[in-house]
Amino acid sequence: MNRYIVLILLIIGVMSHQAMAAETAWEASYRLEVAGQYADAITALQSGKTAKKEPELTELRIAWLHYLQGKYNDAVGHYESAMKINSDSIDARLGIVLPLLAQQRWKESEKYLKQVIEASPWHYTAHVRLMIAEEGQKKWNVLAKHAKEVSRRYPTDTTVLVYLARASYWAGDGDGAKEAYMKVLNRLPGHFEAVGYLSSLNKK
């Protein structure tokens, strides 16, 4: 009986080793990313065959993994490399603004986001990230107008309304801020920021 158990364990061990050996560079990279081992996930992609077969995807993956590590300049460099491979890439433009926004490089972020919007006028993610850049530069009137326009296209969305509320408040439009935050609560009851703002009005 003991010999039988040992044999089963040996078979399982061999099968596990074979399965690991058969793991592709992409599978290893995604597995390591999930485990939070971002540097190792990059190393898994840097074999010659992997990079040559999918150079654009390799650059995008490495850029993303650098971003997750907080290595923003490295991330920007790899996103730029991806754009050199494919100048039409929306993914690379949306990607590069993440490290740029993290570094508060608002104007550079705007440049890439406006390129996306030019290609895809009502691209939701591009508009929201552009609002982040506008907020960072305190362009309150620009942001309020922008948020109103996007909200007309995405009337159920709360994120855009929050930006509208913030911009209205800082632009000195208290009634506009109140109205926008009330709309937020109609879509997402209990929204922390909206509840906090409206509660502060009731205390005055």
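Residues numbered from 1 in each chain as written. Predicted model: local features only at pLDDT ≥ 70, side-chain atom pairs only at ≥ 80, totals over all residues. Heavy atoms only, no water.

Enquirer: How do you make sense of the pattern of salt bridges when you look at a structure like this?
Expert: Pairing between side chains of opposite charge can happen when their charged atoms approach one another. According to the stated counting rule, one finds seven salt bridges in the structure shown. Note that Glu110 and Lys139 form a salt bridge whose closest N and O atoms lie 3.2 Å from each other. Pair noted here: Glu110 is in helix α8 (residues 106-119) and Lys139 is in the loop between α9 (124-136) and α10 (140-153), with a separation of 29 residues, a long-range link. The exposure class of Glu110 is buried, given its relative accessible area of 8%. Its relative accessible area of 27% is what places Lys139 among the partly exposed residues. (Salt bridge = Lys/Arg side-chain N within 4 Å of Asp/Glu carboxyl O. Helix = DSSP H or I, 4+ residues; strand = E, 2+ residues; numbered from the N terminus. Buried < 20%, exposed > 50% of the residue type's maximum accessible area, 1.4 Å probe, protein only.)

Enquirer: What is the right way to read the environment of Gly190 from this model?
Expert: You can see Gly190 is positioned in the loop between α12 (174-187) and α13 (192-203). Assessed through its relative accessible area of 57%, Gly190 is described here as exposed. The contacts of Gly190, once residues within four sequence positions are left out, are Leu185 and Val195. (Contact = heavy atoms within 4.5 Å.)

Enquirer: I tried to follow the packing of aromatic side chains on my own but got confused; where do I start?
Expert: Counted by the stated rule, this structure contains seven aromatic pairs. Taking 5.8 Å as the distance between ring centres and 45° as the angle between the ring planes, the aromatic pair formed by Tyr67 and Tyr72 counts as tilted. The partly exposed category is assigned to Tyr72, whose relative accessible area is 26%. Both rings, one in Tyr124 and one in Tyr154, keep their centres 5.1 Å apart while their planes meet at 65°; by these two values the pair is edge-to-face. Here the residue Tyr124 occupies a position in helix α9, and Tyr154 occupies one in the loop between α10 and α11 (159-170), the gap between them amounting to 30 residues. Look at Tyr124 and you get partly exposed, because its relative accessible area is 25%. Relative accessible area serves as the criterion here: at 26%, Tyr154 is assigned to the partly exposed category. Here the aromatic cluster, defined as three or more aromatic residues joined through ring pairs, consists of Trp140, Tyr169, Trp170, Tyr181 and Tyr197. Over the aromatic face of Tyr163 sits the side chain of Arg166, whose NZ or CZ is 5.3 Å from the ring centroid. (Phe/Tyr/Trp six-rings, centres within 6.5 Å; stacked < 30°, edge-to-face > 60°. Lys NZ or Arg CZ within 6 Å of the ring centre and 35° of its normal.)

Enquirer: It is not clear to me how α10 should be interpreted in this structure. Could you clarify?
Expert: Taking 1.5 Å as the rise per residue, α10 with 14 residues should run 20 Å; its terminal C-alpha atoms sit 20 Å apart, in good agreement. Residues of α10 that are buried include every one of Trp140, Leu143, Ala144, His146, Ala147, Val150 and Ser151, and no others. Looking down the long axis of α10, one finds its buried residues gathered within 170° of arc, a one-sided arrangement. Those residues of α10 that are exposed and aimed more than 90 degrees away from the buried face are Asn141, Lys145, Lys148 and Arg152. Elements in contact with the buried residues of α10: α9 and α11. (Expected span 1.5 Å × (residues − 1). Arc of directions from axis to C-beta.)

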